[in-house]
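Architecture at a glance
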Amino acid sequence: MKSQELRQAWIDFFVAKQHKLLPSASLIPDEMSTTLFTIAGMEQFVPVFLGEQPPPAPRAVTVQRCLRVAGAKSDIENVGRTGRHGTFLEMLGNFSFGDYYKREAIAWAWEFSTQVLKLDPKRIYVTVHTSDDEAERIWIDEIGLPKERISRWDEDNFWTMGPTGPCGPCTELFYDTGEQYASGPDDTGPNLGNRFVEFWNVVFQQYNRSSDHKLTELPKKSIDTGAGFERCLALANKQASMYETDLFTDLIEAQPPVGQTSLAPAEQRIRQNIIADHARAVTFMINDGIFPSNTDRGYVLRFLIRRAIRNGRLLGYADGFLTELVPAVVKSLSPGYSELRQNVGRIQQTLRAEEQTFDRTLARGMAMLDRLIQDANDNCTRLISGEDAFILHDTYGFPVELTREIAGDGGVAIDTVEFEQKMNEQRERARRDAASKRAVVTLAELPAVKSEFTGYEGLEADGEIVAILKDEKSVDTLSAGERGVIVLDRTSFYAERGGQIGDRGRLTNADGSVFEVEDTQPMGDAVAHHGIVRGGEFRASNRVHTAVYDWWRREIRRHHTSAHLLQRALKDVLGDDVAQAGSWVGIDRMRFDFRWPAGSLSPEQKRAVSGRVNEMIRDDSHLVTRELPIEQARETGAITMAGEKYGEVVRVVQAGPSVEFCGGTHSHTTGELGMFLILSESSIGSGIRRIESCVSQAAEDFVGRQQTLVGDLATSLATTPDEISERVSRMQRDIKDLQTAVGQLKARLASADAQAYLERVERKGDRAFVGAVVHEGNAEALRHLTSALRSRLPSGVIALAGVDNGSVNLLVSASDDLVKAGVHAGNLVKLAAPLVDGKGGGAPAQAQGGGKNASGAPAALQAIRDAVLA
């Protein structure tokens, strides 16, 4: 049975039983929801269950998209590793709003399971709540289910969607997949292991749980069925894993061929499963209007994208593979969700932008994280500090969950308590900075001051000191060596606003005193000159002469004008949908942020934009500035800044074809800019791009540095500048060939060693153990050897002690079946590490440790052996 056949079969079955088909709700729940994402089919009906809204029909049927990544319903740790867990899932639902109740819901669950899914009735088991005698009687007396296939549970059979809201007892259907999937000898029924798969849950919505945990009866008793679509599909096709259905196999086949990787084949498939699952999740999240960010749903989306990218890297996938998977995801899911077809472009654009952003930071971040993991292993702490985890989060954009997962793969934990402390300190700093900025821009203790700005006409002016501030307090004098703020009634200094940084220069008085202005900021209608007295003394009411540094203003003017030309060029090349979102103008570069839903600019688009700006520069147009009433200014067609507040009279700046409202300083002609260069183009948020560029002297300096770099590279590579690209490509191919050869050699050496070690396998009952001291065995050598051993020993515990330069590396690997039976590699390492004067730990399936006492390695292995075979 194909996925779309099952979707349609579900709908047809319940429509025939007078249920109204209702569309799936978005992954973004109602604003009153207690969950971050839609996690169940019933979520859109919460107001109906509570009696706050009338039901859409007495009976309803849905196929609801859900996401379970955060909170109590999260399955993230098991995704791809078990055959039944995923982040994105579809929930098959049938609902009764005060209409039918337990008898019909149970009967139809049985009918659909046995007649439509064609599951073997003898392999279906059910659970009921400890208090639900009625449900058990229906199963026995009306369905004919033997009592021995019914078990009672308390919390496992009381369903809640969160800490508050509708809830009630439930009855669940499980399918016996066979002894071969048992977690152990005690896995003989539902909720005891992996053998029995829960695929259907009928919730008897009876109560409302309040914030104080009290249960009150709902207005009407209702039915809320949640049948896991992916699990039902797997069982209908006689598969124990949903990753063997067309929902996932098509996406796994659409992934690139596995490249260079150290992962064993079984682990490769797990990583492919994770990517397929996450590709489904992120495609639908973006489709439903979620974009990558550092908060809330956007943070989860970014985490899933980056987790998928990281798994792709482990498989040797090329950059951009996740974006290329989108068409396959849409093809798989669009039969049930046709809106996906219309949004393919937007989904790919968003993913491509996020992939490119992360690609630029991943290499640097991974280098740091790899070093931290190595250090934690070497120093036997097995712990990454919260401060380092915070740096990875704050500087490299690594979600802490991703850091925790990658570190866990290396047998290392992170100090989450310290991490949260650092996060709280950052939040507090942000609050203090905001308060500080608010304090700086107030002159509450001073009389109302307004500074006249003369800087449009020239760099120099004369004015009178109307206020002096020192340590944020009003003073009468400022002496040599003292820092402070001087406010004038008239100045040529431009105060930072509109993205243009403040001027620098000097104030002098009749006595020859000098105040060096290091920054200029607005204070309401006043201009505040921040700086230090280099000589002499300044007093309130002194007459002073203002002089802005010529080189400072010149380069700022030119970069500000380049921002206007860039916006015009972006609109000319990309279209009028481009809208400025912000800017920053300095002396050596300009940053321009703009809204552009189509994602990153292609190389051709960037060349066209750059070329258009340089064309306007070569035209050498004289800039024209006019002050006009706001309505008249608008009639000029000038570009305005969205959300900006303008006065009754505005300044309009025209630079060739560019016309904008602007109060900043500008070049006299466009030709002054000389040359325009795009330094970078990136995403800074949902639908917002950033271009960093330079003109004038900064552009000349940049080109000079690039020419020197190219010349040095050409000399180093013994080639000409024009042939560098070809030479580097050839070297990369050679390096790749060498890396492949080294990997193959390591694999062959490990394979040869593995065969010898396997001859020492010890067995007791259903457990196998192989252990060895590996001389000159560093951590990498142990990983290769473990991988080779595991490919030949699918069930058992592998324990290796690598002795290298007097230190010991411990690595323990437990097979999945033994993990399910209770074996924990991390605990085994903790048991053995003290015997080599070290520490260690890790996950149940694999763990690492180390120490400085090489002589204790045999005893450490013996301790692990005894624990496994005891």
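Throughout what follows, the structure given in this document is the object of discussion. (Residues numbered from 1 in each chain as written. Predicted model: local features only at pLDDT ≥ 70, side-chain atom pairs only at ≥ 80, totals over all residues. Heavy atoms only, no water.)

Observations regarding the packing of helix 6 (residues 246-254) against helix 7 (residues 265-287)
Helix packing geometry: the angle between the two helix axes and the distance between the axes. The interhelical angle for the contact between helix 6 and helix 7, taken along N-to-C directions, is 105°, at an axis separation of 9 Å. Here helix 7 runs roughly perpendicular to helix 6, going by the angle between their axes. Contact residues: helix 6 offers Leu 247, Phe 248, Thr 249, Leu 251 and Ile 252, while helix 7 offers Arg 269, Gln 272, Asn 273, Ala 276, Asp 277 and Arg 280. (Axes fitted to C-alpha atoms, helices over the stretch in contact; angles between N-to-C directions. Helix = DSSP H or I, 4+ residues; strand = E, 2+ residues; numbered from the N terminus. Parallel < 35°, antiparallel > 145°, perpendicular 65-115°, else oblique. Contact = heavy atoms within 4.5 Å.)

Quick word on unusual backbone geometry
With a phi close to 65°, Cys 380 is a non-glycine residue in the positive phi region. Position of Cys 380 relative to the elements: it lies in the loop between helix 11 (344-378) and strand 10 (383-384). Classification of Cys 380 by relative accessible area gives buried; the value is 9%. We note that Asp 620 has phi near 55°; this positive angle belongs to a residue other than glycine. Among the secondary structure elements, Asp 620 is positioned in the loop between helix 16 (603-618) and strand 25 (624-629). (Buried < 20%, exposed > 50% of the residue type's maximum accessible area, 1.4 Å probe, protein only.)

Things to note about the pattern of salt bridges
One pass over the full model with this rule turns up 44 salt bridges. Between Asp 176 and Arg 195 there is a salt bridge, and its shortest N-O distance comes to 2.7 Å. Residue Asp 176 is located in strand 7 (residues 165-176), and its partner Arg 195 is located in the loop between strand 7 and strand 8 (196-209); the two are separated by 19 residues in the primary sequence. You can call Arg 195 buried: its relative accessible area is 15%. The partner of Asp 409 in a salt bridge is Arg 271, and the shortest N-O contact between them spans 3.6 Å. With Asp 409 in helix 13 (residues 400-409) and Arg 271 in helix 7, this pair connects stretches of sequence that are 138 residues apart. Residue classification places Asp 409 among the partly exposed positions, given a relative accessible area of 34%. (Salt bridge = Lys/Arg side-chain N within 4 Å of Asp/Glu carboxyl O.)

A few points about the sheet that holds strand 33 (residues 807-814)
Read from one edge of the open sheet, six strands run 30-31-32-33-35-34, paired in mixed fashion. Two strands in the sheet have a free side with no partner beyond their single neighbour: strand 30 (762-764) and strand 34 (838-842). For this sheet, the mean inter-axis angle between neighbouring strands, taken without regard to orientation, is 15°. Bridge count between strand 30 and strand 31 (residues 767-775): three bridges; the pairing is antiparallel. Note that in strand 31 the partner of Arg 763 across the bridge is Ala 768. Sitting on the sheet, helix 23 (residues 857-869) is in contact with strand 30, strand 31, strand 32 (797-804) and strand 33, with an inclination near 175° to strand 31. (Pairing = 2+ DSSP bridges.)

Notes on the packing of aromatic side chains
Counted according to the given criterion, the structure contains 26 aromatic pairs. Taking 4.8 Å as the distance between ring centres and 75° as the angle between the ring planes, the aromatic pair formed by Tyr 100 and Trp 108 counts as edge-to-face. With relative accessibility at 3%, the residue Tyr 100 sits in the buried group. Seen from their ring centres, Tyr 125 and Phe 196 are 4.9 Å apart, and the 75° between their planes marks the pair as edge-to-face. Residue Tyr 125 is located in strand 4 (residues 124-129), and its partner Phe 196 is located in strand 8; the two are separated by 71 residues in the primary sequence. Note on Phe 196: relative accessible area 2%, which makes it buried. Taken together, Trp 10, Phe 13, Phe 14, Tyr 100, Trp 108, Phe 112 and Trp 200 form an aromatic cluster joined through their ring pairs. Just above the ring of Phe 204 sits the side chain of Lys 102; from NZ or CZ to the centre is 4.8 Å. Across the ring face of Tyr 456, the terminal group of Arg 651 is positioned such that the distance to the ring centre comes to 3.7 Å. (Phe/Tyr/Trp six-rings, centres within 6.5 Å; stacked < 30°, edge-to-face > 60°. Lys NZ or Arg CZ within 6 Å of the ring centre and 35° of its normal.)

Notes on the sheet that holds strand 27 (residues 658-661)
Strand order in the open sheet formed by three strands is 25-26-27, with antiparallel pairing between adjacent strands. Both edges of this open sheet fall to strand 25 and strand 27, since each of them pairs with a single strand only. Across the sheet, the mean angle from the axis of one strand to that of its neighbour is 25°, orientation sign disregarded. Across four bridges, strand 26 (residues 649-655) lies against strand 27 in antiparallel orientation. Residue pairing in the sheet places Val 652 in a bridge with Phe 661 of strand 27. Strands in contact with helix 15 (residues 550-574) are strand 26 and strand 27; relative to strand 27, the strand with the most contacts, it is inclined by about 115°.

Description of the nonpolar core
Formed by 107 residues in total, the largest nonpolar core has its most connected members in Trp 10, Trp 139, Trp 200, Met 285, Leu 304 and Phe 398. Counting residues per element, this core draws most heavily on helix 11, at ten residues. Core analysis: the next-biggest nonpolar cluster, separate from the first, contains 28 residues, Leu 574, Leu 623, Ala 655 and Phe 676 among them. (Core = buried A, V, L, I, M, F, W, Y, C linked by side-chain atoms within 4.5 Å.)

A few points about helix 6
Within an α-helix, residues lying three or four positions from one another point in the same direction, as the helix has 3.6 residues per turn. Of all the residues in helix 6, the buried ones are Asp 246, Leu 247, Phe 248, Thr 249, Leu 251 and Ile 252. On the buried face of helix 6, the contacting elements are helix 1 (3-15), helix 5 (229-236), helix 7 and helix 9 (321-333).

Here's the deal with the packing of helix 6 against helix 9
Look at helix 6 against helix 9: their axes get within 9 Å of each other, and the N-to-C directions meet at 160°. Taken as axis vectors, helix 6 and helix 9 run roughly antiparallel relative to one another. Relative to helix 9, helix 6 is oriented so that their crossing is right-handed. Contacts between helix 6 and helix 9 involve Leu 247, Leu 251 and Ala 254 from the former and Leu 325, Ala 328, Val 329, Ser 332 and Leu 333 from the latter. For the contact of helix 6 with helix 9, the per-class residue count stands at seven nonpolar, one polar and no charged. (Left-handed = near helix turned anticlockwise from the far one by under 90°. Nonpolar A, V, L, I, M, F, W, Y, C, P; charged D, E, K, R; others polar.)

Geometry only, nothing functional implied.
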